[in-house]
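Architecture at a glance
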Amino acid sequence: MKISVVGTGYVGLVTGACFAETGIDVTCVDIDSDKIEKLKNGIIPIYEPGLDGLVNKNIKKGLLHFTTSLSESMEAAEVIFIAVGTPPDEDGSADLTHVLSVAREIGQYMKQYVVVVNKSTVPVGTGYKVRDVIKEELNKRNVDIPFDVVSNPEFLKEGNAIEDFLRPDRIVIGVESSQAEAIMRKLYKPFILNNHPIIFMDIVSAELTKYAANAMLATRISFMNEIANLCEFVGADINMIRKGIGSDPRIGNKFLYAGVGYGGSCFPKDVKALIKTSEEYGYDFKILKSVETVNNLQKEYIAHKVIKHFNNNLENKKIAIWGLSFKPNTDDMREAPSITIINILKKKGAHISVYDPVAMNECRKRIGDSVEYSNTMYDALKDADALVLVTEWNEFRLPDISKMKQLMRGNVIFDGRNIYEPAEFKENGFIYYGIGRKV
Ligand code: NAD
């Protein structure tokens, strides 16, 4: 079986490599010629654990190819995945420019029946828009070639993307023809041998499923952050509450961590887009609006704690930041809380030193030389008045506290992910701030 995957970002490249791993002949397409050149030479432009090995192995096997030409990739392809970006438009709705331009090109070059699969996260009704654009192009060519459009939202998590794709909890497929359903079933058969379900539904429901999943997860985070903030008023401990409610199977113990707010390329934009879709259909999605407001405030929360601790005076203060990516195991800094925190502290006159295991280059691209880049987590602490832990990378979990004490000028730690034991730091002469912790 031959397929093509359009877009070689986090989703497209993982999708392509994982399908190649099952023996399918995959051509990955991107308009970014630099990216394609790198990939042809086995260089992976993003950081994702395990991806390098998987891509190179399948290039060598002759199962994974890269091109900038969509039409070339479509030769003999039975399925075309659209996995291009859908960034937020100025008004918060998903920008479909890339998705629809791929659809247009498919219509211009299609020669035989093909299943066009939307893997990008797209608002309700986009599947039909893709279908209409392809039809429009076929009409212009005066040809009548049958095709199907399918919605197959992706649920992988950056940092664990390969595992998530190869062993998914579930696969959701929105389909409206039995021919397309049979092809999708065949394609995904190797991934459901663990008996996890493949759920077929209509296209609109599949499109909304993806937004509902991300909106639910974002809601859990904002909810826990609000409970944590309340903990600080009443003197309760969020970690105890998390355990206390997480053992209820109706609630479950995952995704209940208070922190510095959610970021990344998905939750912020998908929450915004779902609010926008609701508005377009005349529905006021009240909970989600609050989820977004709470998150925006939470991203600033720890910076305000720092400012308050130093009595609103950060001139001549050096603040070290551990962790820049929006979560561990990725270099992705899209909408990362670290950016918000750094910007607030910089505005107040603080000198900032930063360290992240993989996102340093990404940070340079985003905020340039206005911060000090350190070679190690400990280098960042030299003469620092305070440390702010923003991303809970494993290497930050068990730091050498006496070394920290020696290196730092001050003795304050702001634990944005509640990964440290307050008592341990206090015993060593530190002042500890967490999120909703009893200290
Ligand atoms: P990305 O920005 O990392 O990659 C998108 C790629 O598409 C880029 O390489 C870009 O050059 C390419 N592209 C844009 N227009 C193109 C065109 N006309 N032809 C060929 N290539 C084109 O994006 P991503 O993070 O992989 O996300 C892709 C989609 O998947 C988005 O809709 C996103 O919401 C969704 N999604 C992302 C994740 C995630 O964790 N990143 C998870 C699930 C779903």
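Please read these numbers as outputs of a predicted model, since none were measured by experiment.

1. Focus on the overall build of the protein
Summing up its helical and strand segments, the protein has 16 helices and 14 strands in all. Against the compact-globule benchmark of 22 Å for 439 residues, the protein has a radius of gyration of 24 Å, which places it among compact chains. Within the span of the protein, comprising 439 residues, buried residues form 55% of the whole. Of all intrachain contacts in the protein linking residues separated by at least 6 positions in sequence, the fraction that spans at least 24 positions is 73%. Accessible area of the protein: about 19600 Å², with a carbon and sulfur share of 51%. Separation between the mean location of the 54 positive side-chain charges and that of the 58 negative ones in the protein comes to 3 Å.

2. Remarks on the pairing of strand 2 (residues 25-29)
When you tally the buried positions in strand 2, you get five out of five residues, the bulk of the element. Residue alternation in strand 2 divides its side chains into two sets, Asp25, Thr27 and Val29 and Val26 and Cys28, and both sets are buried. Following the chain from strand 1 (residues 2-6) across helix 1 (residues 10-21) to the adjacent parallel strand 2, one finds a crossover that is right-handed. With four bridges joining them, strand 2 and strand 3 (residues 64-67) adopt parallel strand pairing. Opposite Val26, over in strand 3, you have Leu64 as the bridge partner.

3. Brief notes about the domain arrangement of the protein
When its domains are assigned, the protein resolves into domain 1 (2-201) and domain 2 (267-433). Taking only C-alpha atoms into account, the centre of domain 1 sits 34 Å from that of domain 2. For the pair domain 1 and domain 2, the two sides together bury roughly 1300 Å², of which 55% comes from carbon and sulfur. At the surface where domain 1 touches domain 2, the tally comes to two salt bridges.

4. Focus: a nonpolar patch on the surface
Taken together, the side chains of Leu230, Phe233 and Val234 present a nonpolar region at the surface, about 380 Å² in accessible area. Relative to the assigned elements, Leu230 resides in helix 9 (residues 203-234). Residue classification places Leu230 among the partly exposed residues on the basis of a relative accessible area of 48%.

5. So, the sheet that holds strand 12 (residues 386-389)
An order of 11-10-9-12-13-14 is seen for the six strands of this open sheet, with the pairing classed as parallel. The open sheet has two edge strands with one neighbour each: strand 11 (372-373) and strand 14 (431-433). Pairing analysis gives four bridges linking strand 9 (residues 318-322) to strand 12, with the strands arranged parallel. Residue pairing for strand 12: Ile319 is matched across the bridge by Ala386.

6. Some details on the packing of aromatic side chains
All chains considered together, the criterion is met by 16 aromatic pairs. Measuring from centroid to centroid gives 6.1 Å for Tyr355 and Phe396, while their planes differ by 75°, and the two rings are edge-to-face. You can see Tyr355 sitting in strand 10 (residues 351-355) and its partner Phe396 sitting in the loop between strand 12 and helix 15 (401-407), a full 41 residues away along the chain. The two residues Tyr355 and Phe396 agree in class, both being buried. An aromatic cluster is present here, built from Phe19, Phe81, Phe165, Tyr188 and Phe191 joined pairwise through their rings. The residue whose ring lies beneath Arg170 is Phe155, and the NZ or CZ to ring-centre distance is 3.7 Å.

7. Remarks on the pattern of salt bridges
Taken as a whole, this structure holds 26 salt bridges when the rule is applied. A salt bridge links Arg167 to Glu163, with the nearest nitrogen and oxygen atoms 3.0 Å apart. With a relative accessible area of 46%, Arg167 lands in the partly exposed category. A salt bridge links Lys365 to Glu362; its shortest N-O distance comes to 3.4 Å. Taken together, the residues Lys365 and Glu362, both in helix 14 (residues 360-367) and three residues apart, mark about one turn of the helix. By relative accessible area, which is 67% here, Lys365 ends up exposed.

About the thresholds
Residues numbered from 1 in each chain as written. Predicted model: local features only at pLDDT ≥ 70, side-chain atom pairs only at ≥ 80, totals over all residues. Heavy atoms only, no water. Helix = DSSP H or I, 4+ residues; strand = E, 2+ residues; numbered from the N terminus. Rg over C-alpha atoms; globule rule 2.2 N^0.38 Å. Buried < 20%, exposed > 50% of the residue type's maximum accessible area, 1.4 Å probe, protein only. Contact = heavy atoms within 4.5 Å. Areas by Shrake-Rupley, 256 points an atom, 1.4 Å probe, with all protein chains shown as cover. Lys, Arg positive; Asp, Glu negative; His and termini not counted. Charge placed at Lys NZ, Arg CZ, Asp CG, Glu CD. Right-handed = clockwise from strand over helix to strand, strands pointing away. Pairing = 2+ DSSP bridges. Domains from an automatic or database assignment. Buried area = accessible area lost by both parts, 1.4 Å probe. Salt bridge = Lys/Arg side-chain N within 4 Å of Asp/Glu carboxyl O. Patch = residues over 30% accessible without salt bridge, like charges linked within 9 Å, V, L, I, M, F, W, Y side chains within 5 Å. Phe/Tyr/Trp six-rings, centres within 6.5 Å; stacked < 30°, edge-to-face > 60°. Lys NZ or Arg CZ within 6 Å of the ring centre and 35° of its normal.

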